[in-house]
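Structure at a glance
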Amino acid sequence: MFGFDFQVNAAIVLMLENIEDLESLRLEGNYEDIELKLENNQYILAQAKSVEKSSTDFRNVRANLKKSVKTLSEASQKVDAQKLILITNSPNPLNEEASRSVFYGPAHRLFSSLPDSSQGIIKDCLDGIKQPLDLNKFQIQILPFETDDDVEKYKVVKQNVDDFVGKLNLNIPGLGKRLMNIWQNEIFHNGTKKNAAITRHKRDIIWPIIVIATDVERCDDLLLDYFDQSQYDEIIHRYKSLIDSCCERCEFFIKVLHDYNEYKGMGKSLAQKCLDFALNKWEDYLPELKVDVDPETQKGLIQIILYSIVRNRIQVQHIKEGVNL
Amino acid sequence: MIIRTVYLKEGLFERRIDFSPHVSLVHSCKNSCGKTTLLRFILHGLGYNIPNTRKINFNNCEVRISIECERYGCIELCRSNSISIILVKNGVNHTYVLPEQQHELQEQLFGVNNADILNNLLGAFYVDQEKGWTLLNRGIVIGSIRFNIEELIRGLSGRDCSELIKKENRLLNERQKYNQMFSVALYRESIEEDAGSVAIDSYEEETDIELSKLIIRQRQLKAELKRIDQTLSENKRFKQFVADMKLLVQAPDGTTFAVTQDNIVGLNDSIDLLITKRKIISGEYALVSSKIGALEKEKESEYEQQAFFQTASQIEIFDRKILRIPLNPQAIKAQQSRLEKELKAVRDEISSITKNNNCVVASISDKIIQYGTELGIGNKETIPQNYLFTSNLKELSGALLHKTAFAFRLAYIAEIEKKLNVKLPIILDSPSGKEVDHDNISLMMEILKRDFADHQIIIASIFEYNFDDPKKIEIEDRLINEMMEIQ
């Protein structure tokens, strides 16, 4: 179980590092533990090797290394591999004093960047392999991953997810953790199916971010200048499913997007124009969105719907561009 | 309406009784010969649900009644069971299912279709020997048939309170439930006071709370999934619709291009978003469902253990369950008093719609005062205008109550005649009961002779009454007494 958990998280880390060029991701694939197919049809193949007591137990690391370079060599014969990676949680993957400091923390070391002695150990492992892997493509990556405490165990994975989210510039509290949970479960479920040929495409991985980013329950800071938080929460609590429906039903949101497109918000930022549109144009939608409430709530409801539709459109565009989807 | 003849058949015996259009006296020298039975046969034959008498089961008999109505002329009614009746009008048979079509049947007889009036006609024209002489304005006429003066007045004056009455019934229903809750709450308190003997199992309580939370979440997720599926299929249909239209549009720079399902801004994104949302929510739904399953299994095994060891008696298990229901007697009490207030307001409104500025009320009251004065019950000063609605029967006793009941009935019949132009028959069972002396009976009969000479009057009694040429129907030993001729 520990080994598979590591494999899942290693896949997440590798996926995030290559998200822009990624086409699909597969666990327990035909060629390797982790296979990342890139848009240029090349592959990044990775062997995931974990040790439960990684910081003290180095007995099997050499054997792991030997097995890894063997399967990576075989796999690299079958597909056009861009990178061949041994990803492990051991801080001393060669069990060698000379390279211990080299693999400190979440290290990424190309073969060429390793000390001579380390290179020698790897070359020794390739002895007897008919078609050994191309050492220029080979690298050892360390993903610190130890203990039963989830916070400690996933801290580097979490950091990677947070960095990725940070780059998207979404400013959504708790997004990293939620996303990590969804990804861990999504990929995990994929991996446990008997048929390992099920592949996760980039869109499957990215859309959960969009779902979270477009959730109306979260109130944008910009809206808070206009709405009282409790007023916003009250409207969402009462009308969430109506708001969701309006944001999702194309016959309605297409109309709103058209009106927004026609709306003149010269010289204003995108976000400000979006807010202005919602605040000024809400009355146009009163006949369609009339509900039996006090005028203030009615006004707020329509403004939230309009703002959410336009904001969601902007967010979707933004995230898709950010990850090159 | 005049009842001409009544034909009765029970087994091999039969009897045909002709009634006078004026006064008929059903007489026997002894008690328990069948006078009351005959009157009840008439009502049964008119389609009412009447209880049997000790000697005769109506369902084993056939009743045919010929009547003459103000509106449709001669009608014949034939009833031989409790669930249907045949009406023969102009030689055509019409079957009515009872009690479902009772109003339709009575509409044919009385020429009125207002349910408020029809429900209360019997209480006006029939005075039962037991209940009848104590019934003034509200109560049981006979069996399960009731009389209500407010309802009759609303019917006669065309005022409709059906919505308010529905509301009143709803409130009554709620009040009944709160009353039950209140007694459970008191019971719960009494168990709580019985300290130590039954303690709440906090683990079970926690499990229950957790389970309810999960069930609520499961329900929310299910609704969300349903909504998403619906939107998804609508959006896909729209996408197909757009694709099928094969529209061409021109951009401002003059280039022409086709509108396809893929170049509508936001459409594909919305579908992708919904698919992903569905996946995430289904995941959560599966998780919540499996948690619910696990908790239920856990609870089940606990109950099995309890049953196996027989450690807890049924009462203990019941008490534990009651203790787990969070009931606050004070809060329930508050709800009860709120309901009482609401109920009172609704009833006041019904009453004000019924009574205020209603000429029917004034007219009936005047008649009651007039007959009351003649019968020596009181006079204009002592009988108040709203006496019609009195609920104080305790102050009336014996002959006074008897005469008052009589005065009320006559006032109703007079008003019905005035409003609907229907002369109801007056059927009195044993008007001389209750130790009413001869003078009082004479006063009552004088009024009938004077003001209701045009009405058919049928009186059943062991006494004789002083009417001009009454038709006497003598009953000896048994009511249906003629052997049928076997052909």
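Going by the structure above, here's the rest.
Now for a quick tour of the structure.

A tally of regular secondary structure across chain B gives 13 helices and 16 strands. Residues classed as buried in chain B amount to 28% of the 487 residues present. The contacts of chain B with a sequence gap of at least 6 include a subset with a gap of at least 24, amounting to 71%.

Right, let's talk about the overall build of chain A for a bit. Scanning chain A from terminus to terminus reveals 12 helices and 7 strands. Residue burial in chain A is summarised as follows: out of 325 residues, 38% are buried. Considering only contacts in chain A between residues 6 or more positions apart, those separated by 24 or more positions represent 67%.

Take the sheet that holds strand S8 (residues 126–127) of chain B next. Pairing between the strands of a sheet comes from backbone hydrogen bonds, and it takes one of two forms, parallel or antiparallel. Residue and element names in this part refer to chain B. Here we have 5 strands laid out as an open sheet, ordered S8-S13-S14-S3-S15, and parallel in their pairing. Looking at strand neighbours, the two that pair on one side only are S8 and strand S15 (471–474), the edges of this open sheet. Here 4 bridges tie strand S3 (residues 23–27) to S15, and the two strands are oriented parallel to one another. By the bridge assignment for S15, Ser24 is matched with Lys471. Packing against the sheet, helix H1 (residues 35–45) makes contact with S3, S8, strand S13 (426–429) and strand S14 (457–461), and its axis sits at approximately 145 degrees to S14.

On the side of chain B, 18 residues touch chain A, which itself brings 19 residues to the contact. Of the residues in the side of chain A that touches chain B, the class split is 10 nonpolar, 4 polar and 5 charged.

Let us now look at the sheet that holds strand S6 (residues 138–142) of chain A. Residues and elements named next belong to chain A. Spatial strand order, S5-S6-S4-S3-S2-S1-S7: 7 strands in an open sheet with mixed pairing. For this open sheet the edge positions go to strand S5 (108–110) and strand S7 (200–201), each flanked by a neighbour on one side alone. Sheet topology note: the strand S4 (residues 81–88)/S6 ladder contains 5 bridges and is parallel. Within the sheet, the bridge partner assigned to Ile87 lies in S6 and is Gln141. Here helix H2 (residues 61–78) sits on the sheet and contacts strand S3 (43–49) and S4; the angle it forms with S3, its principal contact strand, is near 160 degrees.

So, about the pairing of strand S4 (residues 61–69) of chain B. Residues and elements named next belong to chain B. Two strands pair when backbone bridges link them, and strand S1 (residues 2–10) and S4 are joined in this way by 8 bridges, in the antiparallel orientation. Paired with Glu10 across the bridge in S4 is Cys61. Note: S4 against strand S5 (residues 73–79), 7 bridges, orientation antiparallel. Paired with Ile67 across the bridge in S5 is Ile75. Between S4 and S5, which pair antiparallel in sequence order, lie 3 residues.

On to the environment of Val184(B), then. Residues and elements named next belong to chain B. Tracing the chain through its elements places Val184 in helix H6 (residues 162–193). By C-beta crowding, Val184 is classed as partly exposed, having 15 other C-beta atoms within 10 Å. As for Val184 and Leu327, which are separated by 143 residues in sequence, their C-alpha atoms are 8.2 Å apart. Discounting residues that sit within four places of it in the chain, Val184 has contacts with Ile322 and Leu327.

All right, on to helix H11 (residues 270–281) of chain A then. Residue and element names in this part refer to chain A. Between its terminal C-alpha atoms H11 stretches 16 Å, which fits the 16 Å expected from 12 residues at 1.5 Å a residue. Among all positions in H11, only Cys274, Leu275, Phe277 and Ala278 are buried. In an axial view of H11, the angular spread of the buried residues amounts to 155 degrees, which keeps them on one side of the axis. Looking at the packing, one finds that the buried side of H11 touches helix H8 (221–224), helix H10 (250–262) and helix H12 (295–322).

Calculation notes
- Residues numbered from 1 in each chain as written.
- Chains lettered and ligands numbered in written order.
- Predicted model: local features only at pLDDT ≥ 70, side-chain atom pairs only at ≥ 80, totals over all residues.
- Helix = DSSP H or I, 4+ residues; strand = E, 2+ residues; numbered from the N terminus.
- Buried ≥ 20, exposed ≤ 12 C-beta atoms within 10 Å, placed from the backbone.
- Contact = placed C-beta atoms within 7 Å.
- Pairing = 2+ DSSP bridges.
- Axes fitted to C-alpha atoms, helices over the stretch in contact; angles between N-to-C directions.
- Nonpolar A, V, L, I, M, F, W, Y, C, P; charged D, E, K, R; others polar.
- Expected span 1.5 Å × (residues − 1).
- Arc of directions from axis to C-beta.

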